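# Summary of the model geometry
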Amino acid sequence: MEDQLQNLITQIKQYQNPGLERQKAINRLLILIQQLPGLYSSSHQDYLEAFNRTLEWVCKNIQNFESRPPSWERSFVVWINGYLKWRIQDLYTPDNRYDSLDKPISNEGEKLTTLGEILPANSLSLLEQKIAELQKAKRQKQGESVRQYIEKDPEERLRLSHPKKHPECNCQVLAIQLNFTEPPKKISDICKEINISNQTVYSHWKRRCIPLLREIANQFGEEL
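Residues numbered from 1 in each chain as written. Predicted model: local features only at pLDDT ≥ 70, side-chain atom pairs only at ≥ 80, totals over all residues. Heavy atoms only, no water.

## A closer look at the nonpolar core
One finds L29, I33, V58, I62 and F76 to be the most contacted residues of the largest nonpolar core, which totals 29 residues. Those elements giving two or more residues to this core turn out to be α1 (2–14), α2 (20–33), α3 (47–61) and α4 (72–92). If we ignore the near neighbours within four places in the chain, the residues touching I62 are I9, I12, K13, R22, I26, L29, F76 and W79. Grouped together as the second largest cluster of nonpolar side chains are 21 residues, Y149, L174, C209 and L213 included. (Core = buried A, V, L, I, M, F, W, Y, C linked by side-chain atoms within 4.5 Å. Buried < 20%, exposed > 50% of the residue type's maximum accessible area, 1.4 Å probe, protein only. Helix = DSSP H or I, 4+ residues; strand = E, 2+ residues; numbered from the N terminus. Contact = heavy atoms within 4.5 Å.)

Printed below as a string of C-alpha cells:
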C-alpha cells in the first residue's frame with residue numbers, strides 16, 4: 001500500500017495539465033483511497049455525501065499534498081481526514097453553527113477566499129480537537145446509555161429488523177459492527193462475511209436501522 005500510494009501520487013503530480021492519463025491515475029487513486037485504514041467514518045445517513053465531497057476535494061487539491069513522517073499512507077489519511085471531518089460536521093449542524101471550510105469570506109477581484117485557505121493546518125487541528133472535546137464532554141454519558149441499550153436490545157427492536165431471509169444481518173449486528181467494533185467494519189466487509197449484496201444491506205441500514213436507532217437515541221436525549 002505504501003509504495004503503491006507513493007508512486008501513484010508522484011505520478012499524478014508529474015502531469016502538468018489535465019488529460020486522459022492523469023484522469024486514469026486519479027481514478028486509481030480514488031479506488032485506493034477506499035481501501036485505506038483509518039479513514040474517519042460516521043453512522044450519519046448522509047455520510048456517503050460527505051465522503052463523495054471529500055473525494056472531489058482530493059481530486060482538485062492532490063497537487064498540494066505533502067508526505068510527512070512516518071509514512072505516505074499515514075500522512076495521506078491524516079490529510080484526507082482533516083477535510084472529511086469538517087464535511088461530516090456539516091451534516092450534524094444544519095443551523096450552520098460551524099462554518100464550512102468552503103464558505104467564501106472575502107472577494108478580492110474575481111478570486112474568492114475561503115476559510116480553509118486562510119487557516120493554517122495547526123489551527124484546524126486545534127479547532128477540531130476543541131470541538132471534539134466539547135462534544136465528548138456533552139455526549140459521553142448519553143452516548144454510553146445508548147450503546148448499552150443497543151448491545152442489550154431488551155425489547156428486541158433491533159434484532160427483529162433485518163432484510164428478508166437474513167436475520168443474521170439485523171440492525172443490532174450492523175449498529176455494533178459499524179460503530180462499536182475497533183476498528184469499525186465497513187458495510188462491504190459485513191456483506192462478504194454473510195454473502196449478501198451491498199445494496200441490500202445499505203438500503204436496510206439507511207431505511208430501517210438509522211430511523212430506529214434515532215428513535216432509541218431520542219429516548220436518552222441523544223441526537224443521531
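Right, picking up where we left off after that structure.
## Things to note about the state of the cysteines
What is meant by a disulfide is a covalent connection between two cysteines, made through their sulfur atoms. The final tally for this structure, using the stated rule, is one disulfide. The disulfide bridge from C171 ends at C209, spanning 2.1 Å between sulfur atoms. Taking the sign of the torsion about the S-S bond as the criterion, the disulfide between C171 and C209, at about -85 degrees, is left-handed. Here C209 lies in helix α9 (residues 198–219) and C171 lies in helix α7 (residues 171–179), a separation of 38 residues in the sequence. Each member of the pair, C171 as well as C209, is classed as buried. The thiol of C191 is not disulfide-bonded; the next cysteine sulfur, from C169, is found 6.5 Å away. (Disulfide = S-S within 2.5 Å.)

## Some words on unusual backbone geometry
It is generally the case that most residues other than glycine have a negative phi and that most peptide bonds are trans. Here P69 and P70 are connected by a cis peptide whose omega angle stands at 15 degrees. Note that P70 resides in the loop between α3 and α4. Put simply, E182 and P183 share a cis peptide bond, and its omega is 0 degrees. Relative to the assigned elements, P183 resides in the loop between α7 and α8 (187–194). Here D153, not a glycine, exhibits a phi torsion of approximately 45 degrees, which is positive. Considering the arrangement of structural elements, one finds D153 in the loop between α6 (121–152) and α7.

## Points about the environment of D3
For D3, the position within the fold is in helix α1. Remark: the alpha-carbon pair of D3 and W72, spanning 69 residues in sequence, is separated by 8.4 Å.

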